[in-house]
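Structural description and commentary
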Amino acid sequence: MSLLHHLIYQSNVVARLSASELGRLLEQCRSHNQQADITGVLLHDGNRFLGVLEGTPAAIAAVFNRIEADCRHTGVQVLADGPISHRQFACWTMGLVDDVSQPGGGVGDETIPCMHTVTDAALWLLLREFQVGAGRPLLLLPS
Ligand SMILES: Cc1cc2nc3c(=O)[nH]c(=O)nc-3n(C[C@H](O)[C@H](O)[C@H](O)COP(=O)(O)O)c2cc1C
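Residues numbered from 1 in each chain as written. Predicted model: local features only at pLDDT ≥ 70, side-chain atom pairs only at ≥ 80, totals over all residues.

As named in an unreviewed UniProt entry, the chain is BLUF domain-containing protein, taken from Hymenobacter sublimis.

**Things to note about the overall build of the chain**
A count of helical and extended segments in the chain gives 4 helices and 6 strands. The helix and strand sequence of the chain, counted from the amino end, reads β-α-β-β-α-β-β-α-α-β. Here the chain holds 143 residues, and 29% of them are scored as buried. The contacts in the chain between residues at least 6 apart in sequence include a share of 79% that link residues at least 24 apart. (Helix = DSSP H or I, 4+ residues; strand = E, 2+ residues; numbered from the N terminus. Buried ≥ 20, exposed ≤ 12 C-beta atoms within 10 Å, placed from the backbone. Contact = placed C-beta atoms within 7 Å.)

**Remarks on the site of the ligand**
Neighbouring the ligand are 15 residues, the closest being Cys29, His32, Phe49, Asp70 and Arg72. Every element with two or more residues in the shell around the ligand is listed here: helix H1 (19-35), strand E3 (48-55) and helix H2 (57-69). It is H1 that provides the largest number of residues to the shell around the ligand, a total of 5 residues. Taken together, the residues of the shell around the ligand sort by class into 6 nonpolar, 6 polar and 3 charged. (Near = placed C-beta within 6 Å. Nonpolar A, V, L, I, M, F, W, Y, C, P; charged D, E, K, R; others polar.)

**Description of helix H4 (residues 118-134)**
Between the first and last C-alpha of H4 there are 25 Å, a value that for 17 residues agrees with the 24 Å anticipated at 1.5 Å per step. For H4, the set of buried residues is Leu123, Leu127, Phe130 and Gln131. Down the axis, H4 shows its buried residues gathered within 95° of arc, on one side only. The outward face of H4, more than 90 degrees from its buried face, is lined by the exposed residues Val118, Ala121, Leu125, Glu129 and Val132. Where H4 ends, the next residue or the one after it, glycine 135, has phi of about 75°, a positive value. (Expected span 1.5 Å × (residues − 1). Arc of directions from axis to C-beta.)

**Things to note about the nonpolar core**
Core analysis: the biggest nonpolar cluster contains 23 residues, and Leu42, Leu43 and Leu53 have the highest contact counts within it. For this core, the secondary-structure elements that each account for two or more residues are strand E1 (5-13), strand E2 (39-44), E3, H2, strand E5 (92-96) and H4. The dominant element in this core, judged by the number of residues it contributes, is E3, at 4 residues. Other than its neighbours up to four places away in sequence, leucine 53 contacts His6, Leu7, Ile38, Gly40, Ile60, Val63 and Phe64. (Core = buried A, V, L, I, M, F, W, Y, C linked by C-beta atoms within 7 Å.)

**Thoughts on the environment of tyrosine 9**
In this fold, tyrosine 9 is placed in strand E1. On a C-alpha basis, the gap between tyrosine 9 and phenylalanine 64 in space is 9.5 Å, while along the polypeptide they are 55 residues apart.

Structure, rendered in structure tokens:
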């Protein structure tokens, strides 16, 4: 059994989050995920979230229980949940499909180092689709 899993989910915001609320969310995620050795990405376009969590099944289950119960979003839907051979993300980070004036940041440039498997390619397509759906460039915040 693989000790490394990923869980991919999407959800809708309950009410738009301000920049400072997003900053607080980012800090919560970063510090906890680092302690739990969870990597991944959280994309946000103002209305939707798309999250990828990578880690041991136990670590993912613990954090996802809290995420699901979080009242800042609703309609949490699991898109994928299963073993992976390697992590796609070196750390946990957050991408905002938010600010067209900021330089840089296609999802591919920073988040996907390389693709080895069909799952990697599918994840890449999912992240691109989210970005295209939002219709704006993605700004990736440093983790
Ligand atoms: C869309 C979304 C994604 C989240 N992702 C994470 C995450 O990756 N890691 C994490 O620790 N908390 C995440 N949270 C926050 C948790 O739901 C929870 O508020 C946080 O872990 C603090 O929990 P605590 O107050 O019980 O310590 C997320 C919340 C939302 C709305």
